[in-house]
Amino acid sequence: MGATCLRPRWMIRIVAFAAILSYGIVIVSTPKHLQRLLDAAFDISRPEDAMGGPAEYGKGRFRRRGHIHAVEGGTNRTGTSPGVRISFQLHDPDSRPLTNAFNLYVTCPLGKVMGGRKKTVPTGEYRSGELPPALLRVDNEVDLRGVPRTGRVLDFTATISTDLKLLHLGDSVMVQLSQAFDEAAGGLALGSRRKVWEAWRGHDGGTMVAPTFGGGATALWRMTALLSMSRKGRPPANSAGGGWSDKEIEALTGYSYEVEGQPHNATIGSLDVVIYRVMHGWMKSNEITHARLVEAVELCGEILGATTVVLMTIPFTNNVKTIEERRQVKEINGDIRLIARGWHARNDTSVQNVLVMEYGNYYDHLIWSNARYLGYNVSYPLRATQATFESEGENFLLDRLNDGAAWSAAIPMVCHDMESLGTERSKCNRNHLFLDGMHVCPERVAARYAAGAACLIGCAHNEKEGEGDTAKDRLLPEKEMRACEKSCNEQFMSVMPVEDSWINATLASFPGLG
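Here is what the cut-offs are and how they apply
- Residue positions within a chain follow its written sequence, with the count starting from 1.
- In keeping with the predicted nature of the model, local features appear solely for residues at pLDDT of at least 70, side-chain atom pairs appear and are counted solely at 80 or more, and the whole-chain, interface and lining totals rest on all residues.
- In computing side-chain properties, one takes all heavy atoms of the structure into account and sets aside hydrogens as well as water.
- Only DSSP runs of H or I reaching four residues or more are called helices, and only runs of E reaching two or more are called strands; each is numbered from the N terminus.
- Only centres within 6.5 Å qualify two rings of Phe, Tyr or Trp (six-membered ring in Trp) as a pair; their planes then separate them into stacked at under 30 degrees, edge-to-face at over 60, and tilted for everything else.
- Burial classification: accessible surface area is computed with a 1.4 Å probe over protein chains only, and a residue below 20% of its type maximum counts as buried, one above 50% as exposed, and the rest as partly exposed.
- Between any two strands, pairing holds if DSSP finds at least two bridges.
- The angle between two axes is taken between their N-to-C directions and runs from 0 to 180 degrees, where each axis is a line fitted to C-alpha atoms and a helix contributes only its stretch in contact.
- Here, residues are in contact when the closest pair of their heavy atoms is within 4.5 Å.
- Expected span, for any helix, means 1.5 Å times one less than how many residues it has.
- When the sulfur atoms of two cysteines come within 2.5 Å, that pair is taken as a disulfide.
- Pairs of N or O atoms within 3.5 Å make up the polar contacts considered here, provided that, within protein, one atom can donate a hydrogen while the other can accept it, and that residues adjacent in sequence are counted only when both atoms are side-chain atoms.
- Oblique is the label for any angle not under 35 degrees, not over 145, and not in the 65 to 115 range, which are roughly parallel, roughly antiparallel and roughly perpendicular in turn.
- Each residue is assigned to one class: nonpolar for Ala, Val, Leu, Ile, Met, Phe, Trp, Tyr, Cys and Pro, charged for Asp, Glu, Lys and Arg, and polar for all the others, Gly among them.
- Throughout, the protein atoms alone are placed on a 1 Å grid, and a set of points is a cavity if a 1.4 Å probe fits but cannot get out or a pocket if it is open with protein on both sides within 12 Å along at least five of seven lines; lining residues have an atom within 4 Å of a point.
- Grid points are joined across faces, edges and corners, and a volume is the space filled by probe spheres set on the points.

### Description of unusual backbone geometry
Here is step 1: A cis amide bond links Ala 210 to the next residue, Pro 211, at an omega of 0 degrees.
Here is step 2: Within the element layout of this structure, Pro 211 appears in the loop between strand E12 (203–209) and strand E13 (217–222).
Here is step 3: Backbone geometry at Lys 119 places phi at a positive 55 degrees, although glycine is not the residue there.
Here is step 4: Within the chain, Asn 504 stands out as a residue other than glycine whose phi angle is a positive 75 degrees.
Here is step 5: Assignment of secondary structure puts Asn 504 in the loop between helix H12 (478–492) and strand E19 (506–509).

As structure tokens, this is what we get:
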């Protein structure tokens, strides 16, 4: 029976081979292009590939997903992977923990929770560090497409290798994420991180890691509003209003650092990528307009030299105090996506690529997972549609702690159990996901941000060998980059598990290779 079924299939492939070979000889200009056609003709697809599920990569055990592939070595500075400008590895936290060495203030220490201005007064709450089981690992958990998923959820850390120059721009949450990213990129291991200026005593205002793993750089610029020429000369962070000056730009772009084996220091100069956290909270929803967002992106190119900008969508936080405010945030996020998808049609800007990091989706997945653990009747996030998040969110996200604070946190966001709430519901034992109603616990949450950022940047800057010199040179089709963007967001800005074969593999994303 099996032989009878296979014979017609192989006869079709032989005919296809002959047709493609004839076409290739006449039309195709290079052997590599011809090889791709032959590979496509003899590729045996599987059902899960068509659904965006796992597929075997090469002859190894690595299982790729979408546009994320295993690569040999690291970035092209190492000479092992030409065309790979940024790659990442995932690790078992027991063998390579995130020490959070650069974050001295906004952390989630285990044990008794301390409050007060100096965090020295016990609140009566406790943080054990335990995670809901569904946020550690899942086995054969079916997603929205009906594909069973298995692997680690938050139980991994990340390291980054890049020869690009990156900038993280945003408020205190971005500071947290940048500090973790700095460690992942080699700032601790290489001893290459420096504080360029302080926002106030002891607190990072601008920082630099140069070089990173791979020979690049990653920087932080703390800011409380979107970049705007109208804010130039105003007081800088941590003052409200998003003030900035040429002084900060010169401190970042003029930063000088030693390069191993080179007789002279290198200077940062122009940046390649800006990862932008939109500062909702510091800015009211009605201030985050289409014009302000576009101006902020354009200035990333004009004053920083960036060719790629990654815009982070706004998540649910304690700054979202009403259902109406949540709907306004949804509209802003929709505008962010529209700006990114229409950017390729612009001819009057030096920024070539605008990508979207679905950071708001990441918070939703974490909150929904924790809410299910607490007993809320909500959907498993990998099986929820956007409409599900919107409808269910209106019923439980505003269930806040009755602590009398101006910005009370949502119980399903910060609590680890319901028993400790008591009848007053004013305090609870805390989870290891969020410090409060906005800031994260980087030890658990930041690895997906780091891997997601590296993955998204690869969509614009990585390429397979022989496919051109740069994204600009080959005029990357918009749909290829968006498909890659979608793969990265679905994998990392969610609770989508990572395959066991991904741990310790060197990974990179590529447009057009789904």
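### Notes on the packing of aromatic side chains
Here is step 1: According to the stated counting rule, one finds ten aromatic pairs in the structure shown.
Here is step 2: Seen from their ring centres, Phe 492 and Trp 502 are 6.4 Å apart, and the 50 degrees between their planes marks the pair as tilted. Of the two residues, Phe 492 is situated in helix H12 and Trp 502 in the loop between H12 and E19; the sequence distance between them amounts to ten residues.
Here is step 3: Exposure remark for Trp 502: the relative accessible area of 0% places this residue in the buried category.
Here is step 4: Joined through ring pairs, the aromatic side chains of Tyr 359, Tyr 362, Tyr 363 and Phe 434 make up one cluster.

### As for the sheet that holds E19
Here is step 1: Spatially, the four strands line up as an open sheet ordered E3-E19-E4-E9, and their pairing is antiparallel. This sheet does not close on itself; its edge strands, each paired only once, are strand E3 (68–70) and strand E9 (157–162). Strand-to-strand twist in this sheet, taken as the mean axis angle between neighbours without regard to direction, amounts to 35 degrees.
Here is step 2: As paired elements, strand E4 (residues 86–91) and E19 share two bridges and run antiparallel to each other. Each residue of the ladder has a partner; that of Phe 88, found in E19, is Leu 507.
Here is step 3: On the sheet, H12 packs against E3, E4 and E19 and is oriented at approximately 80 degrees with respect to E3.

### What about helix H11 (residues 442–461)?
Here is step 1: Its 20 residues give H11 an end-to-end C-alpha distance of 26 Å, which sits within 8% of 28 Å, the value for a rise of 1.5 Å per residue.
Here is step 2: Among the 20 residues of H11, 19 are classified as buried, and the element is accordingly described as predominantly covered.

### Quick look at the state of the cysteines
Here is step 1: Under the definition given, this model contains four disulfides.
Here is step 2: Paired through a disulfide, Cys 415 and Cys 428 show a sulfur-sulfur distance of 2.1 Å. Looking down the S-S bond of the Cys 415 and Cys 428 bridge, the torsion is -90 degrees, so its handedness is left-handed. Of this pair, Cys 415 sits in the loop between helix H10 (411–414) and H11 while Cys 428 sits in the loop between H10 and H11; the two residues are 13 residues apart in sequence, bridging distant segments of the chain.
Here is step 3: Classification of Cys 415 by relative accessible area gives buried; the value is 0%.

### Topic: the side chain of Arg 277
Here is step 1: Along the chain, the position of Arg 277 falls in strand E16 (residues 273–277).
Here is step 2: Here Arg 277 falls in the buried class, since its relative accessible area comes to 4%.
Here is step 3: Side-chain polar atoms of Arg 277 contact the side chain of Asp 171, separated by 2.7 Å.
Here is step 4: Filtering out sequence-adjacent residues up to four positions away, Arg 277 remains in contact with Leu 169, Gly 170, Asp 171, Val 173, Met 174, Met 312, Pro 315, Tyr 359 and Met 438.

### Some thoughts on the sheet that holds strand E18 (residues 353–357)
Here is step 1: Strand order in this open sheet of seven strands is E11-E12-E13-E10-E16-E17-E18, and the pairing throughout is mixed. The sheet is open, and its two edges are formed by strand E11 (193–200) and E18, each paired on a single side. Across the sheet, the mean angle separating the axes of adjacent strands is 20 degrees when strand polarity is ignored.
Here is step 2: The strands touched by helix H6 (residues 290–304) are strand E10 (165–170), E13, E16, strand E17 (308–312) and E18; relative to E16, the strand with the most contacts, the crossing angle is about 145 degrees.

### What to know about the packing of H11 against H12
Here is step 1: The geometry of H11 relative to H12 is characterised by a closest axis approach of 9 Å and an angle of 170 degrees between their N-to-C directions. Between H11 and H12, the interaxial angle falls into the category roughly antiparallel. Here H11 contributes Arg 448, Ala 451, Gly 452, Cys 455, Leu 456, Cys 459 and Ala 460 to the contact with H12, which in turn contributes Met 481, Cys 484, Glu 485, Cys 488, Asn 489, Gln 491 and Phe 492.
Here is step 2: When the residues that make up the contact of H11 with H12 are grouped by side-chain class, the tally is nine nonpolar, three polar and two charged.

### A few points about the side chain of His 91
Here is step 1: Examined against the element boundaries, His 91 turns out to sit in strand E4.
Here is step 2: At a separation of 2.7 Å, a polar atom in the side chain of His 91 contacts the side chain of Thr 159.
Here is step 3: Among the polar contacts listed, one links the side chain of His 91 to the side chain of Asn 504, at a separation of 3.3 Å.
Here is step 4: Beyond its immediate chain neighbours, meaning those up to four positions away, His 91 contacts Arg 96, Asp 155, Phe 156, Thr 157, Ala 158, Thr 159, Ile 503 and Asn 504.

### Structural notes on empty space enclosed by the protein
Here is step 1: Tallied over the full model, the rule gives one cavity of 30 Å³ or more.
Here is step 2: Of the volumes computed, that of the largest cavity is approximately 30 Å³.
Here is step 3: Taken together, Arg 277, Val 278, His 280, Ile 314, Pro 315 and Thr 317 form the lining of the largest cavity.

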